[in-house]
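# Coordinate analysis (summary)
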Amino acid sequence: MRRRPRWLVTPFVILQAIDLPVSNSWSSTHSLIQTTRTGTCTSSRRCVAIRAVAVDAEKENAAREADNAGPLSLSLEELADILGGKGRAKSCWDCYQLGVDPLWFFENDDPNQREPIPHTLSKALSLSVEPETRSQIRERITPRRQSQGMGRNALQKLRQVVAVSPQPSAQKDNSATAKETETETEPMDSMASIATVTQLHRSLDGTAKIVLQLTDGLQVESVVIPWPDRETSSLCISNQVGCAQACTFCSTGRMGELRSLTADEILVQMYWAAKVCRIFPGLYPIDACIFMGMGEAARNVQHVVRAASHLVDPQLFQLAPRRVTISTVAPSPKAFEELGKAPVVLAWSVHSSEDALRKKLVPTTKHQMVELRDSLIKVLLGRPRKLRQIMLELALIENVNDRPQDAEHLAEFCNAFYEKVPGVKLVVNLIPWNDIAATSGPAKHYRKPSNGRILAFQKILVGKDMLCYVRTTRGDDESAACGQLATKASSKPNNKTD
Ligand code: SF4
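Scope of this entry: the structure provided in the associated data block. (Residues numbered from 1 in each chain as written. Predicted model: local features only at pLDDT ≥ 70, side-chain atom pairs only at ≥ 80, totals over all residues.)

### Topic: the overall build of the protein
Along the protein, the regular secondary structure elements total 17 helices and 12 strands. Out of the 498 residues in the protein, the part that is buried amounts to 41%. Sequence separation of 24 or more characterises 70% of the internal contacts of the protein that already satisfy a separation of 6 or more. (Helix = DSSP H or I, 4+ residues; strand = E, 2+ residues; numbered from the N terminus. Buried ≥ 20, exposed ≤ 12 C-beta atoms within 10 Å, placed from the backbone. Contact = placed C-beta atoms within 7 Å.)

This is the structure:
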């Protein structure tokens, strides 16, 4: 039996786009960038001036990004600058990693005070959940920072970053009315300034679907998949509300694209999932994260790359780079290059290697499969030899793309990876299609393939010495499985982020 391959760490290539001043026309801006990059300028003084403009523009760009960043998407250094010290920033992140609100945790020293849990979470299960006390949470923190405090000034600055006013619980008011209000009011969590949990559904297999409401009223979903054998959980997160790719087998594709999420809105899914996993029995700490929820990552590159980088930052969410995967359907050949800037594994949602069939499954496809594949090969070749890994994903639909000739075509299509990328590790993941209860469109006629057909498909690839796995379907009874995520907008979005 084949061993499951090791996930590989992808190098983080820092290739920030140079954002030149708006006063430059496109042509002059373009030529400035070209000149700077290629070094063909004949005037050294002009080169120096150009580099100075580029450096200033980069600084401006970084400052502008930092201005727009919320608490989760700031770098540790940026947060340290605001809070007045790296120790404070690290303490803040000790809390974020655990899904604990630092504004509550550091507001006083009472070791027996219990963590406030939003009603939606505490009511989600009929089980009564006893929140942890401050001292229980403290025990989870690195010993050398357990005694670290934040100070009133730092807490005030943190409140400004998360754009929340002082928490009611921090204000002393012993009146009967105040007590009554306290018991009725939803416990506050500063991350509610980014998104709040409105629903939590548990499937029979333990999978938990979390529905988050964003500040503009739109909803987004993420899914926690527990693995009892290794006592860890994987988190599937969304990067857009809806999706423009319109894959015919996918619920999200039927919503259309409502808007992209900011890096904070992507990362807050990790925050809430960490809280959920800490509170609820049967869920374990998250050690893997996949961008395979709602949305196409290539249509939200800047925020996806920033969020993925924070997930694997050893000072922030601290996941192993090989345990974070960005999946893309690859709307254009450039998608791989852009998403490859994140230091994580890339996955390509192929669905079919044959152009005409893929166009039926992913109607927004504009590029030939060979063109997309060659672009991916180029990106893989740019990575260190030992880090050349790619996952190919196929949602298998009975008699549509699960036929023996589909497997044969895919094997042939993959040969170029083996021939052109020395040391490549290619893994094919077969995802049995999950019913999305479509009453119209092609999905109305789609069926999940039988186990026999899936195994026959796998056997053809394995017979050609390829690594191929069948993904276990999880959470399908609560519409939390692959392709089943879709939310309803409770209001129109206020703005678009890209
Ligand atoms: S499968 Fe992925 S890319 Fe296709 S519509 Fe669904 S979310 Fe979008």
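### Some thoughts on the pairing of strand β2 (residues 208-214)
Consecutive side chains along a regular strand alternate between the two faces of the sheet. Summarising burial for β2: five of the seven residues are buried, a large majority. Of the pairings in the sheet, the one linking strand β1 (residues 195-202) to β2 comprises seven bridges and is antiparallel in character. In the sheet register, V197 faces β2, and the bridge partner there is L212. Counted along the chain from β1 to the antiparallel partner β2, the turn is five residues long, and its residue G206 has a positive phi close to 95 degrees. Of the strand pairs in this sheet, β2 and strand β3 (residues 219-227) are connected by six bridges, and their pairing is antiparallel. Paired with L212 across the two strands is V220, which belongs to β3. Between β2 and β3, which pair antiparallel one after the other, the connecting turn spans four residues, and G217 there sits at a positive phi close to 95 degrees. (Pairing = 2+ DSSP bridges.)

### Some thoughts on the packing of helix α3 (residues 76-83) against helix α4 (residues 86-98)
At their nearest, the axes of α3 and α4 sit 7 Å apart, and the two run at 115 degrees to each other. The two elements α3 and α4 cross, and the hand of that crossing is right-handed. For the pair formed by α3 and α4, the contact residues are L76, L79, A80 and L83 on the first element and K86, R88, A89, C92 and W93 on the second. Grouping the constituent residues of the contact of α3 with α4 by class yields seven nonpolar, no polar and two charged. (Axes fitted to C-alpha atoms, helices over the stretch in contact; angles between N-to-C directions. Left-handed = near helix turned anticlockwise from the far one by under 90°. Nonpolar A, V, L, I, M, F, W, Y, C, P; charged D, E, K, R; others polar.)

### Observations regarding the site of the ligand
Residues in contact with the ligand amount to 12 residues; listed here are only the nearest, C243, Q245, C247, C250 and G253. Looking at the shell around the ligand residue by residue, the classes come out as six nonpolar, five polar and one charged. (Near = placed C-beta within 6 Å.)

### Some words on the pairing of strand β8 (residues 324-328)
The element β8 is largely enclosed, with a buried count of five among its five residues. Of the strand pairs in this sheet, strand β7 (residues 286-291) and β8 are connected by three bridges, and their pairing is parallel. Among the inter-strand pairings, F291 is bridged to a residue of β8, identified as I326. In this fold, β7 hands off to helix α12 (residues 301-312), which returns the chain to β8; that crossover is right-handed. Sheet topology places β8 next to strand β9 (residues 345-349); four bridges connect them, and they run parallel. (Right-handed = clockwise from strand over helix to strand, strands pointing away.)

### A word on the environment of L218
Mapping L218 onto the fold places it in the loop between β2 and β3. Given 23 C-beta atoms within a 10 Å radius, L218 is considered buried. A C-alpha to C-alpha distance of 8.6 Å links L218 and L258, two positions 40 residues apart in sequence.

### Focus on the environment of I266
Within the fold, I266 resides in helix α11 (residues 263-279). If we ignore the near neighbours within four places in the chain, the residues touching I266 are I237, N239, L261, H303, V304 and A307.

### Re the sheet that holds β9
Here 10 strands make up an open sheet; going across it, the order is β1-β2-β3-β4-β7-β8-β9-β10-β11-β12 and the pairing mixed. One side of each edge strand has no neighbouring strand; the edge strands of this open sheet are β1 and β12 (467-470). Direction aside, neighbouring strands of the sheet carry axes that sit 25 degrees apart on average. By the bridge criterion, four bridges tie strand β11 (residues 425-432) to β12 in an arrangement that is parallel. Each residue of the ladder has a partner; that of N429, found in β12, is Y469. Sheet strands in contact with α12 are β7 and β8, and its direction is about 160 degrees off that of β8.

### Concerning helix α17 (residues 451-463)
Counted at 1.5 Å a residue, the expected span for α17 with its 13 residues is 18 Å, and the 18 Å between its end C-alpha atoms agrees. Positive phi appears at D465, one or two residues downstream of α17, with a value of about 65 degrees. (Expected span 1.5 Å × (residues − 1).)

### Overview of helix α16 (residues 404-420)
Along its 17 residues, α16 runs 25 Å from first to last C-alpha, staying within 8% of the 24 Å computed at 1.5 Å per residue. All of the buried residues along α16 are D406, A407, L410 and C414. Where α16 is buried, its residues contact β11 and α17.

### Details of unusual backbone geometry
The backbone of A246 shows a phi angle near 55 degrees, a positive value even though the residue is not glycine. Tracing the backbone shows A246 in the loop between β5 (240-243) and α10 (251-255). Phi is positive for Q318, which is not a glycine, with a value near 65 degrees. Residue placement: Q318 occurs in the loop between α12 and β8.

### With respect to the environment of C414
Within the secondary structure, C414 sits in helix α16. Separated by 52 residues in sequence, C414 and M466 have C-alpha atoms that sit 9.2 Å apart. Discounting residues that sit within four places of it in the chain, C414 has contacts with L426 and M466.

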